[in-house]
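# Remarks on the overall topology
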Amino acid sequence: MKYSTLVILGLLLALAFVVEAKSKSKKQKNKQKQKVLPLAEPCRPENCKLPECRCSDAVLPRSKFQGKESEIPQFVTITFDDAVNAVNYAQYELLFDGLINPDGCSAAGTFFLSHEYTDYVRVNALYRAGHEIALHSVTHGDGTDYWRSADVATIEREFGAQLKMLKAFAKVDPKDVHGMRLPFLQISGNNTFEAARRLGLSYDSSWPTQQFKDPAMWPYTLDYQSKQDCQIGPCPEASIPGLWVNPMVTWTDTEGYSCSMIDACVYPPEDKVDDLFDWMLENFNRHYEGSRAPFGMYLHAAWFSRGRSYFGAFKKFIHHLNTYPDVYFTGISRMLEYVKRPVLGAPFQECPELPETECRAVQCHVQKLSTGEDRYMTVCDKCPAVYPWLDNPLGEQR
């Protein structure tokens, strides 16, 4: 009896060792899957050619454009971060109302969406109007440390889940989602861009530059070493072929300080329409009269409530630019289409097709299981069983 017991114990121990060995082997394989990416080498123009590749220090879209800068179309990319709701949606409608690009196509912006408190029916409306819908994570994270230390799997999880939410609740085709922006502009080195590549995205727009704003920096790919200054590290050092960086060229406030987003400017002008307008124009002219690199207007809609004149000045400014014969308001992905195949004069041959997707608005009262809170959300067609979240992006009952 004792002998048989010892035999059984021995077999159990042996089995335990086998299981542990397999577990270690699996962990090692997972580590191998997350192997260190190859270090990026310096970029040489002869090895990096459009439309697949662009060096970070390339100033003009093509070398043959030298001396013809005034014929390069000036792109303006207006982006808003965070949730879309009833209040800011009304502001977006007012801002873009009547804006038509010189080629007769409707003006558009890019909306980097976070999940919580988002009205998905209004997201659908923005999408059908031709605006670009992009990713800003499900949870928005718990401060900068969360994103700074995020591995590839965490970023894939955050942004991949959001892709599923957009498809289910806003009827946005994932094939039309091309870009992402990290909350707080806190990237996590190579992990951010490798996750974007794995998700099938074509660009990231989370990386500010102060050094390259005069002349302003053009978008580029991460095939080779980036020369962009690293304001909020860690910044990527690996080669990630084909993944585009849309550098957030900083503005300058009234005291000469750089600000990566309009609402991050510490010393804006006085709260007067003309003063704000003149300041915006000064920042724009650094691009328009210089390298003609895309001019980014990056902000959160909450900025409009900081002063009585902020919304009015913003609207006046973009409608003023709309009188220029060579200024185009587009989403970032549309602008990148031009950067890949640049021409002088009119940038596109035809207008983009608007998506056709029906959305029947439904009001939902669901519970957020992680906190026990009651939540109300507006979605297309069908309510989830519970509040959608990171590990249950479709809000299924489990």
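Residues numbered from 1 in each chain as written. Predicted model: local features only at pLDDT ≥ 70, side-chain atom pairs only at ≥ 80, totals over all residues. Heavy atoms only, no water.

## Overview of the layout of surface pockets
Roughly 680 Å³ of volume is contained in the largest pocket. Counting residues per element, the lining of the largest pocket draws most heavily on helix α9 (residues 332-340), at five residues. Here the residues of the lining of the largest pocket sort into 16 nonpolar, nine polar and seven charged. (1 Å grid on protein atoms, 1.4 Å probe; cavity = no way out; pocket = protein on both sides within 12 Å on 5 of 7 lines; lining within 4 Å. Points joined across faces, edges and corners; volume = space filled by probe spheres on them. Helix = DSSP H or I, 4+ residues; strand = E, 2+ residues; numbered from the N terminus. Nonpolar A, V, L, I, M, F, W, Y, C, P; charged D, E, K, R; others polar.)

## Focus on the pattern of salt bridges
Under the criterion given, the structure shown has 17 salt bridges. Here R198 and E156 are joined by a salt bridge, their closest N and O atoms 3.7 Å apart. Note that R198 is positioned in helix α6 (residues 190-198) and E156 in helix α5 (residues 152-170), a separation of 42 residues in sequence. K171 is paired through a salt bridge with D381; the nearest N and O atoms lie 2.8 Å apart. A residue pair is termed long-range when its members are at least 10 positions apart, and K171 in the loop between α5 and β4 (179-180) and D381 in the segment after β15 (373-380) qualify at 210 residues. (Salt bridge = Lys/Arg side-chain N within 4 Å of Asp/Glu carboxyl O.)

## Quick look at the pairing of strand β14 (residues 361-368)
With burial as the criterion, only one face of β14 is covered, namely that bearing V362, C364, V366 and K368; the residues A361, Q363, H365 and Q367 on the opposite face remain uncovered. Two strands pair when backbone bridges link them, and β14 and β15 are joined in this way by eight bridges, in the antiparallel orientation. In the sheet register, Q367 faces β15, and the bridge partner there is D374. Connecting β14 to the antiparallel partner β15 that follows it, the hairpin turn spans four residues, and G372 within it adopts a positive phi of roughly 80°. (Buried < 20%, exposed > 50% of the residue type's maximum accessible area, 1.4 Å probe, protein only. Pairing = 2+ DSSP bridges.)

## Quick look at the side chain of T110
Mapped onto the elements, T110 comes out in strand β2 (residues 110-113). Residue class for T110 comes out buried when judged on its relative accessible area of 0%. At 2.9 Å, the side chain of T110 and the side chain of E132 are in polar contact. There is a polar contact of 3.0 Å between the side chain of T110 and the backbone nitrogen of I332. Among all residues touching T110, those that are not within four sequence positions of it are I78, T79, F80, E132, A134, Y203, G331 and I332. (Polar contact = N/O pair within 3.5 Å; in protein donor to acceptor, adjacent residues only side chain to side chain. Contact = heavy atoms within 4.5 Å.)

## Observations regarding the packing of helix α2 (residues 86-96) against helix α3 (residues 120-128)
Close contact between α2 and α3 brings their axes to 10 Å; oriented N to C, the two are set at 15°. The angle between α2 and α3 places the two elements in the roughly parallel class. Here α2 runs over α3; the crossing is left-handed. Where α2 approaches α3, its residues A86, Y89 and Y92 are matched on the opposing element by R122, A125 and L126. A breakdown of the residues in the contact of α2 with α3 according to their chemical character gives five nonpolar, no polar and one charged. (Axes fitted to C-alpha atoms, helices over the stretch in contact; angles between N-to-C directions. Parallel < 35°, antiparallel > 145°, perpendicular 65-115°, else oblique. Left-handed = near helix turned anticlockwise from the far one by under 90°.)

## So, the confidence of the model for the chain
With 91% of its residues at a pLDDT of 70 or more, the chain has an overall mean of 93. Between residues 25-32, whose pLDDT stays under 50, and residues either more than four places distant or in other chains, the model counts zero contacts. (pLDDT = per-residue confidence, 0-100.)

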